[in-house]
Structures are given as structure tokens and as C-alpha cells.
Amino acid sequence: MTNKTTHFGYEQVAWSDKQHRVGGVFDSVAGSYDLMNDVMSFGVHRLWKRFAVERSGVRRGQRVLDLAGGTGDLAERLSRLVGKDGEVVIGDINKAMLSVGRERLIDHGICDNVRYVQANAENLPFPENSFDCITIAFGLRNVTDKSRALESMYTVLKPGGRLLVLEFSKPVLPALKQAYDLYSFRVLPLMGRLIARDESSYRYLAESIRMHPDQKELKSLMEQAGFEDCEYFNLSGGIVALHRGYRY
Amino acid sequence: MTPASTLAAALETALELYLKQDPGALQQCAKMDGKVIAVDITGLGLSLYFIPGSDGIRVAGYYEGEPDTRLRGSPFGFARLALGSREQGELRSKRGRPGVDALFEGAVEIQGDTETGQQFQNILSGVDWDWEEQLSKLTGDVIAHQAGNLARKAARFANDSGNTLRRDVSEYLQEEARLLPARIEVGYFLEDVDQLRTDVDRMTARVDRLLQARDTKS
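So, how was this worked out
Residues numbered from 1 in each chain as written. Chains lettered and ligands numbered in written order. Predicted model: local features only at pLDDT ≥ 70, side-chain atom pairs only at ≥ 80, totals over all residues. Axes fitted to C-alpha atoms, helices over the stretch in contact; angles between N-to-C directions. Helix = DSSP H or I, 4+ residues; strand = E, 2+ residues; numbered from the N terminus. Parallel < 35°, antiparallel > 145°, perpendicular 65-115°, else oblique. Left-handed = near helix turned anticlockwise from the far one by under 90°. Contact = placed C-beta atoms within 7 Å. Domains from an automatic or database assignment. pLDDT = per-residue confidence, 0-100. Pairing = 2+ DSSP bridges.

Brief notes about the packing of helix H3 (residues 44–56) of chain A against helix H1 (residues 3–20) of chain B
Link 1 in the chain: Running from amino to carboxyl end, H3 of chain A crosses H1 of chain B at an angle of 110°, the nearest separation of the two axes being 10 Å. Taken together, the axes of H3 of chain A and H1 of chain B are roughly perpendicular relative to one another. Judged by the twist between their axes, the crossing of H3 of chain A over H1 of chain B is right-handed. In this structure, H3 of chain A uses Leu47, Arg50, Phe51 and Glu54 of chain A to contact H1 of chain B, whose residues at the interface are Ser5, Thr6 and Ala9 of chain B.

Below, the structure is given as C-alpha cells:
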């Protein structure tokens, strides 16, 4: 276990170090995360998230866990859907991201059905069968042990519940792929430097996207963790994919 | 992303702007908190889901549950529903309630909780968007007011020329081409038909009476 390594962007780091290094990246970008997302994706990330929430099928009175919920984008929409009788729990490993999200949601008047938990997705601190739905948007690629995280999500999900993973993936159109490469390795770090004054963190974001399993690999990871009826939807030509699986 | 999701996002933003102008409408939205209204636009194969709440109306392109109310109609039908009820005040005395007519005439079909559907329609048609005020924030009052005058003149011109065109066309069809009868001619014709019907009725009664008289004699 001690010699085991994993990737941190294109860099190989000790297995136990990744969590700490990722923590450093998000501590650094938390303040300007929303702005950067808008600039980087030309605002399209809002449409991706909206699509994910629509496909979550969440209804009034349900209990939802929004993992890597950071700045509360998904939770804001989800809290509206579950209503006063339901509950949205925002889980994030990073304290800085959680507090930015909490401030933001309180400013929007959303406080009575949202809870915050600082938690590691690999060891979710909830009893079995706790949630009707789990969402994780742009978070899974930063988790060191993805299989373990998926298993942990499977455990806390109620039978009949569903998991939605929104994550960067592999573009399916060849022409798009070239433009996308140029964009993520040249333009993205430059924007990171200009807007967030943090080139290296944004270089990590671009690299970590490339190291993340593609559509089919992630689907099979979900199936290995026990999820059934797994499927994925390519968004924006596969730049982002939404995976959905059920626990029965 | 489906076109419905993208359209839903755009509609939601527009509604947000729209509702900000009208605290009354926002209160009505809050009363409908938790309701889901589906709008099926036939012909386009498009369904949108409206979820009102205290902070406005959320719009979704996909919803898995069963909505409380479902409105189904063609784009034209919905346009009539929306426009009709906006003109309701001024036209009620002339033509009844056009917005409701669209419902009754089957242009828009309603399923489920009709009261929710009606409330929802009232919210949407009740908001009168003051775009001149919005424009004035960008351009200043003077330009916005001039633009407003121009738009009002254009609307008046369109309305007047529309009326003139309608009059001219009906005059041509009725008087020149003689393809359609004038209203008064139709009136006379219907009166004649009525007269003929009563005459035939009287004749039938008379023949019946004569037959009866012959039968009793023989």
C-alpha cells in the first residue's frame, strides 16, 4: 500500500498524497470557482447541471445527497424540487468549497432543507439506505479511489435510488477533440492565471480531465460497484457525460 | 442536452426577469408552490414542465413524476390562450372571454387539476412587462420614451392597417367578386329559411287535418 501511486493530473504521486494535493487545488480556487466555471465553459456548465437535475427524477419529500456539492449549484435546484418535506445534504471534502457554497445558498434564501457535511466520498458517514438519489458533479475525477467511492455511494443509497455522475469525458467527434485539446492545454491555464491567478491549479483541472475514465470505462466501474441499468448521456459532443445507475 | 432543456433554461431566465417586475405574480407563484404544470406543444413534439414556487417559476425540459395539470395544444392554440386572456379586459364586452374560448373550443386541452391550470394561466397573462422601463436603464429615459412612442405608433399603424385590410378583403369578396354573401344577406336568407320551415309545418298540419276529416266521413 505504501508504494502504491496514482495520478495527479499527469504527475504520479503517492496514493496517500492525492487527497491532500487535490485539497490544495480547491482551497486555492474556491473563491473564484463559480466565475472560472462560467468563463471556462462559456456558461454551458449551467446547462449541463440543469440536465443532470432533470434526469435525477427527484421529487417532493425525497432525500438527496449532493457530493462534491462545493458551491451549491446543483443543491440550489434540488432543494426546490424536494420542497420543505425533503432534504438535500451537501457533502464535500473541502471546507473552503463548503463554506463558499453555504454562504451562497444562504444569500439566495435557501436554508431550511439543506444540510452540510464535510465528508470523504470514499467513506460516506451515513447509515445504509439513507438517500433516494446521489449526485456528484465534476467531483469523481478528484477522488483517489473511484471504485471505493462508488461502492460507498451504493451502500448509502436506498433500494430504488439512483446515482448521477456528471463529469468531463472524452469528446466523440474527432474535429472537436483537437479544438478541445488546444483549448484545455493552452487557453485554460492562461485563463486560470488571469482570472484566478493560479495557473497550476487550472493546469491540474485540464490534466485530471484527461486521466479520468471515459464513458464506457466509468459505466463499467459503476456496474462493478453494483449499480444496475447503467447508462450515459453525452453532452456537448461528449466533452461532458452524465452517467446514471440504479440500486435495486 | 435536449432542445427542450435549452429552451427551458432560456424560458426560465425570461420568466425570472418577468416576475421580478410584478410582486403580485410572485405571490401567486408562492401559493402554487409544489405544483407541476406540463405544457405539451403538439406538432413540435415538445413538453415543458413549469414548477412555480416562492422565488419564481422553474422550467424543466424533462420530469419523471406525474404533473398536477397538463395543457396540450398547438403553438397557435397557446398563443391564443395567452393573447386572449391578456385582451380579456378590453374584449370581454364584445366577444366574451377569448382566453377561455381557446380552452372551450379545444385549441388547448387541459387535463388534471383545472384550477391549477387556470391560476397558472392568470400568472403568465397577468404580468405586463414594462420594457420601456427596462430599456431606460440602458439608454436613459428620453431615448426609451421615444422608442416607446415609436413602438406604440407602429403597433397602432399595424392595427389600423390590419383593420383596413380586413374591411377591404371582405368588401371585395362580398361586393366585387360576389363569392361570399354579406352579413345582411345571410340574415335575410336565414329568415326566409325559417319562414319556409314554418310554412311547411303549417301545410303538414293542414294536410293531416284534411286527411283526418276524409277518414271520419268515409
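Digging into the environment of Thr6 of chain A
Residues and elements named next belong to chain A.
Link 1 in the chain: Following the sequence through the fold, Thr6 ends up in strand S1 (residues 5–8).
Link 2 in the chain: Between the alpha carbons of Thr6 and Leu47 there is a distance of 32 Å; along the sequence they are 41 residues apart.
Link 3 in the chain: The contact partners of Thr6, leaving out residues within four places of it in the chain, are Val13, Trp15, Lys18 and Thr144.

Looking at the domain arrangement of chain B
Link 1 in the chain: Partitioning chain B into domains gives domain 1 (3–128), domain 2 (130–180) and domain 3 (187–218).
Link 2 in the chain: Each of domain 2 of chain B and domain 3 of chain B has a C-alpha centre, and these two points are 55 Å apart.

Points about the confidence of the model for chain B
Residues and elements named next belong to chain B.
Link 1 in the chain: With 84% of its residues at a pLDDT of at least 70, chain B reaches an overall mean of 79.
Link 2 in the chain: The element-level mean pLDDT for chain B is lowest in helix H4 (residues 88–95), coming to 41, with helix H9 (residues 183–217) highest at 91.
Link 3 in the chain: Taken over the whole predicted complex, pTM reads 0.71, whereas the ipTM for its chain interfaces reads 0.72.

Considerations on the sheet that holds strand S5 (residues 114–118) of chain A
Residues and elements named next belong to chain A.
Link 1 in the chain: Across the sheet, which stays open at both edges, the seven strands sit in the order S5-S4-S3-S6-S7-S9-S8 with mixed pairing between neighbours. Strands with a single pairing partner mark the edges of an open sheet, and in this sheet they are S5 and strand S8 (228–235). Between one strand axis and the next, the sheet turns by 15° as a mean value, whatever way the strands run.
Link 2 in the chain: Relative to strand S9 (residues 240–246), strand S7 (residues 157–168) runs antiparallel, the two being bridged by seven bridges. Looking at S9, one finds that Val165 is bridged to His243.
Link 3 in the chain: In the packing of helix H9 (residues 215–224) onto the sheet, contacts are made with S7, S8 and S9, and the angle to S8 comes to roughly 155°.

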